[in-house]
Amino acid sequence: MPPVAELFETVGRQLSGDLAFFFEGTAVEMTAVTGRPPQTAMRLMLEQQPMELGQEEKAILLELGGYLGRYDLTGQARALGLCKQRVDRLIQASEENLHRRARSSMTASVCAGLILIVILL
């Protein structure tokens, strides 16, 4: 098994933007101090590079960092699964919110169009 810092670096190279910088920076923070846990390195990166994440997303990342490299492979896989479920719920809630706002915007547009027609008549 490769070290967790190496995994973070690999993930960072496969991504782009803020997430790439976050994962690569976390790898650097972990290797800068021998024995620095992933959770601490992630917290330092979140403080250095503010990303457009909500508090719950940051909490999930930090919680995941607390699990990685700490438990056996089965425990880490279970923790990854739990974090994935939480992220999936956040995505679903965001999508529902987006659909609700799209419907509201469409309704407002139709009403504005009808008002314009009434004014022109």
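Heads up: the structure comes first, above all this text.
Bear in mind the structure is a predicted one, so any value in this text is a computation, not a measurement.

**Considering the pattern of salt bridges**
Then comes step 1: All chains considered together, the criterion is met by four salt bridges.
Then comes step 2: Measuring nitrogen to oxygen at the nearest pair gives 3.5 Å for the salt bridge that ties Glu 9 to Arg 13. Residue Glu 9 and its partner Arg 13 are located together in helix α1 (residues 4-14), separated by four residues, close to a single helical turn.
Then comes step 3: When the shortest N-O distance is used, the salt bridge between Asp 88 and Lys 84 registers 2.8 Å. Of this pair, Asp 88 and Lys 84 both sit in helix α5 (residues 73-120), four residues apart, which is roughly one turn of that helix.
Then comes step 4: On the basis of relative accessibility, which here comes to 52%, the residue Lys 84 falls in the exposed class.

**A look at the nonpolar core**
A general trend in soluble globular proteins is that nonpolar side chains are found buried together.
Then comes step 1: Formed by 19 residues in total, the largest nonpolar core has its most connected members in Val 4, Phe 8, Phe 22, Met 30, Met 42, Leu 46 and Leu 68.
Then comes step 2: Counting only elements with at least two residues in this core, the list comes to α1, α2 (17-32), α3 (38-48), α4 (55-67) and α5.
Then comes step 3: Excluding its chain neighbours within four sequence positions, the residues that come into contact with Met 30 are Val 4, Ala 5, Phe 8, Arg 36, Pro 37, Pro 38 and Ala 41.

**Remarks on the environment of Gly 69**
Then comes step 1: Tracing the backbone shows Gly 69 in the loop between α4 and α5.
Then comes step 2: Taking relative accessible area as the criterion, Gly 69 reaches 54% and is therefore assigned exposed.
Then comes step 3: Residues Gly 69 and Pro 3, 66 residues apart in the sequence, show an inter-C-alpha distance of 8.1 Å.
Then comes step 4: In this structure, Gly 69 is in contact with Val 4 and Gln 76, ignoring residues within four places of it in sequence.

**Topic: the packing of aromatic side chains**
Then comes step 1: On inspection of all chains with the given rule, the structure shows three aromatic pairs.
Then comes step 2: With 5.6 Å between their ring centres and 20° between their planes, Phe 8 and Phe 23 make a pair best called stacked. Highlighted residues: Phe 8 in helix α1 and Phe 23 in helix α2, separated in sequence by 15 residues.
Then comes step 3: Take Phe 8: its relative accessible area is 6%, and that puts it in the buried class.
Then comes step 4: With a relative accessible area of 15%, Phe 23 lands in the buried category.
Then comes step 5: For the pair Phe 22 and Phe 23, a centre-to-centre distance of 5.3 Å together with 75° between the ring planes defines the contact as edge-to-face. Across the pair, Phe 23 and Phe 22 agree in class, each one buried.
Then comes step 6: Feature note: the residues Phe 8, Phe 22 and Phe 23 constitute an aromatic cluster, connected by ring pairs.

**Some remarks on α5**
Then comes step 1: The first and last C-alpha atoms of α5 sit 70 Å apart over 48 residues, in line with the 70 Å expected at 1.5 Å per residue.
Then comes step 2: Buried within α5 are the following residues: Gly 75, Gln 76, Ala 79, Cys 83 and Leu 90.
Then comes step 3: Each element contacted by the buried residues of α5 is listed here: α4.

Reading the values: rules and limits
- Residues numbered from 1 in each chain as written.
- Predicted model: local features only at pLDDT ≥ 70, side-chain atom pairs only at ≥ 80, totals over all residues.
- Heavy atoms only, no water.
- Salt bridge = Lys/Arg side-chain N within 4 Å of Asp/Glu carboxyl O.
- Helix = DSSP H or I, 4+ residues; strand = E, 2+ residues; numbered from the N terminus.
- Buried < 20%, exposed > 50% of the residue type's maximum accessible area, 1.4 Å probe, protein only.
- Core = buried A, V, L, I, M, F, W, Y, C linked by side-chain atoms within 4.5 Å.
- Contact = heavy atoms within 4.5 Å.
- Phe/Tyr/Trp six-rings, centres within 6.5 Å; stacked < 30°, edge-to-face > 60°.
- Expected span 1.5 Å × (residues − 1).

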